[in-house]
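If you want the building blocks of each chain, they are given just below.
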Amino acid sequence: MAKKKLNVGMVGYGFMGRAHSNAFSQVGHFFDLPYQPVLKAACARNADNLKKFADQWGYESTENDWRKLIERKDIDLIDIAASNDMHLEIATAAAAAGKMVMCEKPLGRNAAESRKMVDAVEKAKVPNMVWYNYRRVPAVTLAKQIIDEGRLGKIFHYRAKFLQDWTISADLPQGGQGLWRLDVNVAGSGVTGDLLAHCIDTAMWLNGGIDKVIGMTETFIKERQHNLTGKKEPVGIDDASLFLARFDNGSLANFEATRYARGHKALYTLEINGEKASIFWDLHDLHRLQYFDHRDEGRTRGWRSIHITDGDHPYMSKWWVPGLQIGYEHSFTHQVADFLEALDKGQSAAPTFRDALATDLVTDAVLKSAASGRWESAKG
């Protein structure tokens, strides 16, 4: 039976544009799906860079204006891998045109923008999804299964951190291609919306909603040269962010993110402690899940390292033989596979825009708390 074609229009050609393009290209080779993604058109303003990107990844055509991309009748899905300040306008226009929409995280620069995007896709009734890819690392998905089976029992604690070090130099400018994450007008926030958003999405998926938070942030370098104006301008993003939280289920949490942790490029870890068992996961060892079960026999009780490669582990039957692991890029492929399977059922796969709004409500509350010094509601 012939597969249905799904024509993809990609907005953006940076790191995430490449990650998404790879996922669309690879998914049909490993997953038996009702749809076959087609890299129909790539879109960006820099024509020379765009052509190189499109040629390398096999896009059939290019556009320099995302509005023209959305107008095209041969485009089914708009994938937004552009800077955060463009998410709202592109997503709402795409939804109004009846296009399916996938969007990089965070959904909006703040919850107000995200809410408009949710309203747009739900009004248009178009399938939608946000690229919180860490949910689909097989070890993290296995953690979800273990929690849902009740193996941890009552959850007491959740801990997460995401550490980087790439912005420590005061000579690093802000703004423009590659450095827009340091420009608050483009990014919306710093590590809170960039790194902690990942931690928060995963946490709420694993452990349920967050009730309230109290946080603190710091901007260590107050001024940076701006690439677009050529002038030194105030830095409006947060370089470091820490917060405490209480989940709806009563468990306590602490979260930390910084770009000033010398020696760390992308250290993302999470740990969950329950009455019966605990789980620990590290992005640097992403194919392993550390698991402790107090019900094990006392003489041999201890942390065990589960190597996530067997066919009965999440997603792994689609890849290689047991013992051969997969990596970061495969989480995006899993996300596309789940999107296409849900699409065949007339559904949206999680995390939807509405799911991502819940994360942005938490990040807004963290930033509000950092300013007020008080506990703030994470419910909006």
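Everything discussed here concerns the structure shown above.
Residues numbered from 1 in each chain as written. Predicted model: local features only at pLDDT ≥ 70, side-chain atom pairs only at ≥ 80, totals over all residues. Heavy atoms only, no water.

**Student:** Sorry, what's going on with the pairing of strand E15 (residues 288-293) here?
**Tutor:** As a general feature of sheets, a regular strand has side chains that alternate between the two faces. Burial of E15 is one-sided: the residues Leu289, Tyr291 and Asp293 facing one way are buried, the residues Arg288, Gln290 and Phe292 facing the other way are not. Here four bridges tie strand E14 (residues 277-282) to E15, and the two strands are oriented antiparallel to one another. Within the sheet, the bridge partner assigned to Ala277 lies in E15 and is Asp293. The sheet contact formed by E15 and strand E16 (residues 304-307) spans four bridges and is antiparallel. Residue Arg288 lies in a different strand from E16, and its bridge partner there is His307. (Buried < 20%, exposed > 50% of the residue type's maximum accessible area, 1.4 Å probe, protein only. Helix = DSSP H or I, 4+ residues; strand = E, 2+ residues; numbered from the N terminus. Pairing = 2+ DSSP bridges.)

**Student:** Looking at this structure, I do not really get empty space enclosed by the protein. What am I missing?
**Tutor:** In this approach a probe as big as a water molecule rolls over the atoms, and the regions it shows empty are the leftover space. Per the stated rule, a full pass over the model turns up two cavities of 30 Å³ or more. One number sums up the size of the largest cavity: a volume of about 50 Å³. Lining the largest cavity are Pro106, Gly108, Arg109, Ala187, Ser189, Gly193, Asp360, Thr363, Asp364 and Leu367. When residues in the lining of the largest cavity are grouped by element, the largest group, four residues, is from helix H10 (residues 353-372). Its residues placed into classes, the lining of the largest cavity shows three nonpolar, four polar and three charged. Reported here for the second largest cavity is a volume of approximately 30 Å³. What lines the second largest cavity is Val137, Pro138, Leu286, His287, Ile308, Ile326 and Gly327. Classifying every residue of the lining of the second largest cavity gives five nonpolar, two polar and no charged. (1 Å grid on protein atoms, 1.4 Å probe; cavity = no way out; pocket = protein on both sides within 12 Å on 5 of 7 lines; lining within 4 Å. Points joined across faces, edges and corners; volume = space filled by probe spheres on them. Nonpolar A, V, L, I, M, F, W, Y, C, P; charged D, E, K, R; others polar.)

**Student:** Explanation requested: the pairing of strand E7 (residues 155-163) in the structure shown.
**Tutor:** Of the pairings in the sheet, the one linking E7 to strand E13 (residues 267-274) comprises eight bridges and is antiparallel in character. Its bridge partner being in E13, Lys161 is matched across the sheet by Thr269. Here E7 runs beside strand E12 (residues 252-258); their pairing, made up of seven bridges, is parallel. Looking across to E12, one finds that Phe162 is bridged to Ala257.

**Student:** What exactly am I supposed to notice about unusual backbone geometry here?
**Tutor:** What you tend to see is this: most non-glycine residues have negative phi, and most peptide bonds are trans. The step from Lys105 to Pro106 runs through a cis peptide bond, and the omega angle for that step is -10°. Note on placement: Pro106 falls in the loop between strand E5 (100-103) and helix H5 (111-124). Looking along the chain, the bond that leaves Ala350 and enters Pro351 is cis, with omega of 0°. For Pro351, the position within the fold is in the loop between helix H9 (328-344) and H10. If you check the backbone angles, Lys125 has positive phi at about 60° while not being a glycine. Structurally, Lys125 can be placed in the loop between H5 and strand E6 (128-130). With relative accessibility at 74%, the residue Lys125 sits in the exposed group.

**Student:** Even after reading the chapter, I still don't get the sheet that holds E6, so can you show me in this structure?
**Tutor:** Hydrogen bonds between backbone atoms are what pair the strands of a sheet, whose relative direction is either parallel or antiparallel. Here six strands make up an open sheet; going across it, the order is E3-E2-E1-E4-E5-E6 and the pairing parallel. In the strand order of this sheet, the two ends are held by strand E3 (61-63) and E6, each with one partner. Neighbour-to-neighbour, the strand axes of this sheet turn through a mean angle of 25°, independent of strand direction. With three bridges connecting them, E5 and E6 associate as parallel partners. Residue Val101 lies in a different strand from E6, and its bridge partner there is Asn128. Running over the sheet, helix H1 (residues 15-30) touches strand E1 (4-11), strand E2 (35-43), strand E4 (77-80) and E5 and is turned about 150° from E2. (Axes fitted to C-alpha atoms, helices over the stretch in contact; angles between N-to-C directions. Contact = heavy atoms within 4.5 Å.)

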